[in-house]
Amino acid sequence: MTHARTAAAAGLALVAAVTVVGCSGGGSHAGAASTGSPVSSSSGGGGGTQPNPAPTESNPPGDIPDNQVYVPFRPAGGFSGFTVKVPEGWARTEKGPATVFTDKLNTVRVTTATATAAPTAGSVTGTVVPQLRSQVAKFAQPKVSEVKRHSGRVVLLTYQGDSAKDPVTGKVVRDTFERYAFYRQGHEVDLTLSGPVNADNVDPWRIVSDSFTWR
């Protein structure tokens, strides 16, 4: 009888121990699930379910916007037998025979002069290039060619040089230049387009240079 009671008591103790261990293990498993599941969900949501953000778009310094509007310009005084489109809204300055349009880092310069003969690649190389070399800071990479524009064939001079120092920031920008020499009946019109070397203004400059028309 004593042996039976002892065995029964031992059996009850064993059952109680198993129950306690089982409850403890269940609680530990539930806790891991409750703490592990949100972390897994958050990690998965941040790395695999959200789309990549779109890159921020901005124009590089000197880039003329694609939606830029152009308006015809014709000098009010002096020789005015031509028109050329210039960007609308740019600041305008008169400097003797030159009219200059500027906006931030870009410039359109229109200069008129009398000439006894049409400019050629040779005359620009021999006369204009030396003049610019003495006038433009760090003048470099001159290249002269003949190109076709809406008004006909013209002499194009491309080169690089430093801009004037900004009066506010004191910074100097490395510019690239396109100088077109138009000629007709003793009159020469030089159209110079300039902006930072890294700016992509191929299309805007083509619009301006192609718009030149004799009147």
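See above for the structure.
Residues numbered from 1 in each chain as written. Predicted model: local features only at pLDDT ≥ 70, side-chain atom pairs only at ≥ 80, totals over all residues. Heavy atoms only, no water.

**Observations concerning the packing of aromatic side chains**
Inspection of the entire model under this criterion finds nine aromatic pairs. Pairing Phe212 with Trp214 gives two aromatic rings, centres 5.0 Å apart and planes at 85°, and the pair type is edge-to-face. For the pair Phe212 and Trp214, a shared accessibility class is recorded, and that class is buried. Through pairs of rings, three or more aromatic residues link up here, namely Phe79, Phe82, Tyr180, Phe182, Phe212 and Trp214. (Phe/Tyr/Trp six-rings, centres within 6.5 Å; stacked < 30°, edge-to-face > 60°. Buried < 20%, exposed > 50% of the residue type's maximum accessible area, 1.4 Å probe, protein only.)

**Remarks on the sheet that holds strand β1 (residues 70-73)**
The strands making up a sheet associate through backbone hydrogen bonding, with each pair oriented either parallel or antiparallel. A sheet is described by the order of its strands in space; here three strands give the open sequence β1-β2-β10, paired in antiparallel fashion. Edge positions in the sheet fall to β1 and β10 (213-214), since each of these pairs with one other strand and no more. Sheet topology note: the strand β2 (residues 82-87)/β10 ladder contains two bridges and is antiparallel. Along β10, the bridge assignment pairs Phe82 with Trp214. (Pairing = 2+ DSSP bridges. Helix = DSSP H or I, 4+ residues; strand = E, 2+ residues; numbered from the N terminus.)

**Concerning the pairing of strand β6 (residues 140-149)**
Each regular strand carries side chains that alternate between the two faces of the sheet. As defined by bridge partners, β6 adjoins strand β7 (residues 152-162) across eight bridges and the pair is classed as antiparallel. Among the inter-strand pairings, Glu146 is bridged to a residue of β7, identified as Val155. Here β6 folds back onto β7, and the loop between the two strands holds two residues.

**A few points about unusual backbone geometry**
Here Lys104, not a glycine, exhibits a phi torsion of approximately 55°, which is positive. Structurally, Lys104 is set in the loop between β4 (98-103) and β5 (106-114). Classification of Lys104 by relative accessible area gives exposed; the value is 81%. Positive phi values are uncommon outside glycine, yet Gln185 reaches one of about 45°. Checked against the element boundaries, Gln185 lands in the loop between β8 (174-184) and β9 (187-196).

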